[in-house]
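Notes for the structure review
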Amino acid sequence: MRVEDIEYVIAIAQAGAIGRAAQQLGISQPALSKALTRIEADLKTRLFERQARGVRLSDEGRVFLEHAKRVVMHAADARHALRDLRQGSSGVVRLGVGTGVPSELITDACADAARQGQIRFVISAGMTDSLLEALRSGDLDIILSGIPQPQDEDLRWTALWPDPMVPYVPRTHPLAGPRAAWTLPVLAKQAWVLPTRGTIARARFENAFTAQGLAAPVPLVESRASGKEVDLALALNAVVLMPLSLARDARVASAFECIHTLSALRRERTIALLCRRTAHQSPVVERFMARVVAAKPRWFSHSRRSRSVEVTPGSIP
């Protein structure tokens, strides 16, 4: 059984059609069909059920796919290990960065690592959920994001500093000002910019309202565009859920009031480094992670200063 054939099976399962998978892979449909026939003959089972508009995994195919993904990841790890052995100190760091991670931390760590050798960085930004999926699939080496310690035993979690999610109100909003009263019933009626449904942040946000017998707000915008929430909230004059650390950003501080005193909507999270325990980590990735951890005291002090911002709730005029 060839690793390439296993990769083809994964591609077909993701595309839901052999023709579509062949197009994405850049090979002919007959060649892909031949590869599928070859691996099904080797396994003595059908991995897909043919349908009018494509294919779907059989019960056997679903079991095979679960293990196939691990095989492909381990094969990639083996290739990376050999590459690192040949290249010595040089290599690639594939980094996923979540919302609330200071850009200066990334640039400082990248610049410091690059000075030590020929290192190439591939950096992806996004929501924590999508970054975790990319990490588990082997598309990323490490994640630097705000996330509670996962229960997944294959993930190594290194805590850096706390950075909870809290609501922010534009200073032009009717609820802004020193006499504002921020309560769940009031905020339930506001326009919001929120993460999309199905994300950890959105589920916990809605639970805060439903636990009090309130209907969760229907957002004006559901965003997976990590980093765009500030612009969206300002353009729509909407309340937005963002990391508390953004309170130290000059632009955010001048345009928003941070509602960190409302504990019901405060979602605790920790900025942390994550990687797969069973994956091969190149020397350059390990050194990069060590540099980020070494920078923790400086950035944790920034986080604590942002939390010292005081807000005085009162009553709505």
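First things first, this report covers the structure right here in the doc. If you're wondering where the values come from, they're calculated on a predicted model, not measured in any experiment.

**Digging into the packing of aromatic side chains**
In this structure the tally under the stated criterion is 4 aromatic pairs. On the basis of an interplanar angle of 55° and a centroid distance of 5.6 Å, the ring pair of Phe121 and Phe288 is categorised as tilted. Within this pair, whereas Phe121 is found in strand β4 (residues 119–125), its partner Phe288 is found in helix α11 (residues 283–294), the two being separated by 167 residues in sequence. Here Phe288 falls in the buried class, since its relative accessible area comes to 1%.

**Comments concerning the sheet that holds strand β11 (residues 256–258)**
Strands sit in the order β9-β8-β10-β7-β11 across an open sheet of 5 strands; the sheet is mixed. Two strands bound the open sheet, and with one partner strand each, they are β9 (221–223) and β11. In this sheet, neighbouring strand axes are inclined to one another by 35° on average, regardless of whether the strands run parallel or antiparallel. For strand β8 (residues 192–195) and strand β10 (residues 239–243), the ladder comprises 2 bridges, and the chain directions are parallel.

**Points about the pattern of salt bridges**
It is possible for side chains of opposite charge to pair when their charged atoms get near one another. For the structure on display, the rule yields 16 salt bridges. The residue Arg2 makes a salt bridge to Asp5 at a minimum N-O spacing of 3.5 Å. The exposure class of Asp5 is buried, given its relative accessible area of 4%. A salt bridge links Glu268 to Arg266; its shortest N-O distance comes to 2.7 Å. A residue is classified by how much of its surface remains accessible, and Glu268, at 46% relative accessible area, is partly exposed. Classification of Arg266 as partly exposed rests on a relative accessible area of 22%. In the salt-bridge network here, residues are joined through shared partners; they are Arg2, Glu4, Asp5 and Arg38.

**Considering the pairing of strand β3 (residues 91–97)**
For a regular strand, side-chain orientation follows a simple rule: the groups alternate between the two sheet faces. In terms of residue burial, β3 counts as a mostly covered element, since 7 of its 7 residues are buried. Side chains of β3 alternate between two faces, with Gly91, Val93, Leu95 and Val97 and Val92, Arg94 and Gly96 buried alike. When β3 meets strand β5 (residues 142–146), the two strands line up parallel, connected through 3 bridges. Looking at β5, one finds that Gly96 is bridged to Ile143.

**Re the pairing of strand β2 (residues 54–57)**
Summarising the sheet, strand β1 (residues 48–51) and β2 pair through 4 bridges and their orientation is antiparallel. Its bridge partner lying in β2, Gln51 is registered against Gly54. Hairpin connection, β1 to β2: the antiparallel pair is bridged by 2 residues.

**Examining the nonpolar core**
One finds Val93, Leu95, Ile142, Leu144, Phe288 and Val292 to be the most contacted residues of the largest nonpolar core, which totals 23 residues. Within the residue set of this core, elements represented by two or more residues are β3, α5 (103–114), β5, β6 (155–162), β12 (270–276) and α11. Beyond its immediate sequence surroundings of up to four residues, Leu144 is in contact with Leu95, Gly96, Val97, Gly98, Val101, Leu105, Ile106, Leu160, Ile271, Ala272, Leu273 and Val292. Judged by nonpolar contacts, the second largest core, of 22 residues, contains Ile12, Leu32, Ile39 and Leu47.

Quick notes on the rules
- Residues numbered from 1 in each chain as written.
- Predicted model: local features only at pLDDT ≥ 70, side-chain atom pairs only at ≥ 80, totals over all residues.
- Heavy atoms only, no water.
- Phe/Tyr/Trp six-rings, centres within 6.5 Å; stacked < 30°, edge-to-face > 60°.
- Helix = DSSP H or I, 4+ residues; strand = E, 2+ residues; numbered from the N terminus.
- Buried < 20%, exposed > 50% of the residue type's maximum accessible area, 1.4 Å probe, protein only.
- Pairing = 2+ DSSP bridges.
- Axes fitted to C-alpha atoms, helices over the stretch in contact; angles between N-to-C directions.
- Salt bridge = Lys/Arg side-chain N within 4 Å of Asp/Glu carboxyl O.
- Core = buried A, V, L, I, M, F, W, Y, C linked by side-chain atoms within 4.5 Å.
- Contact = heavy atoms within 4.5 Å.

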